Amino acid sequence: MKVLIIGGTGEMGQWFTPFFKEHGYEVTVWGSSGKVEIAERMGVEFAHDLDAAISTSDIVIVTVPINITEKVISETAPKMKSGSLL
């Protein structure tokens, strides 16, 4: 199962990443800051092509600041594959 964490380089994303890795999920993170080094430190892939990562993930987790959560969800949901979980 592939998990994408949008906001994955932030504090909440950095909490979810090891949790899902430890449970056998293939984790990819993306952050607007582009901090690839955080993904590398956690031992996961950084999504350089966010739309492609969204469309191939089984689960997408949004861990962005609350003031942009609704916007991120409305932009993400239509790009997700059928049967995936947001």
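Note that the structure is predicted; figures quoted are calculated from it, not measured.

Draft legend 1. Summary view of the nonpolar core. Listed in full, the 12 residues of the largest apolar core are Val 3, Ile 5, Phe 20, Val 27, Val 29, Ile 38, Ala 39, Met 42, Val 44, Phe 46, Ile 59 and Ile 61. Counting only elements with at least two residues in this core, the list comes to β1 (2-6), β2 (26-30), α2 (36-42) and β4 (59-62). If one sorts the elements of this core by residue count, α2 sits on top with 3 residues. With sequence-adjacent residues up to four places away left out, Val 29 is seen in contact with Leu 4, Ile 5, Gly 8, Thr 9, Thr 17, Ala 39, Met 42, Val 44, Glu 45, Phe 46 and Ala 47.

Draft legend 2. Seen up close, helix α1 (residues 11-22). Over its 12 residues, α1 runs 18 Å from end to end, which matches the ideal 16 Å to within 8%, given 1.5 Å per residue. Those residues of α1 lying buried are Gly 13, Thr 17 and Phe 20. Across the axial projection of α1, the buried residues extend over an arc of 85°, all falling on one side. Opposite the buried face of α1, at more than 90 degrees from it, the exposed residues are Glu 11, Trp 15 and Glu 22.

Draft legend 3. How the structure looks around helix α4 (residues 66-76). Taken residue by residue, α4 has Thr 69, Val 72 and Thr 76 as its buried positions. All buried residues of α4 project into a common sector of 80° when viewed along the axis, lining one side. Facing away from the buried side of α4, by more than 90 degrees, are the exposed residues Asn 67, Glu 70 and Lys 71. On its buried side, α4 packs onto β1, α3 (50-56) and β4.

Draft legend 4. Main features of the side chain of Thr 69. Mapped onto the secondary structure, Thr 69 falls in helix α4. You can call Thr 69 buried: its relative accessible area is 17%. Reaching out from Thr 69, the side chain makes a polar contact with the backbone oxygen of Pro 65 at a distance of 3.1 Å. In this view, Thr 69 contacts Val 62 and Val 64; residues no more than four positions away in its chain are not counted.

Rules behind the numbers
- Residues numbered from 1 in each chain as written.
- Predicted model: local features only at pLDDT ≥ 70, side-chain atom pairs only at ≥ 80, totals over all residues.
- Heavy atoms only, no water.
- Core = buried A, V, L, I, M, F, W, Y, C linked by side-chain atoms within 4.5 Å.
- Buried < 20%, exposed > 50% of the residue type's maximum accessible area, 1.4 Å probe, protein only.
- Helix = DSSP H or I, 4+ residues; strand = E, 2+ residues; numbered from the N terminus.
- Contact = heavy atoms within 4.5 Å.
- Expected span 1.5 Å × (residues − 1).
- Arc of directions from axis to C-beta.
- Polar contact = N/O pair within 3.5 Å; in protein donor to acceptor, adjacent residues only side chain to side chain.

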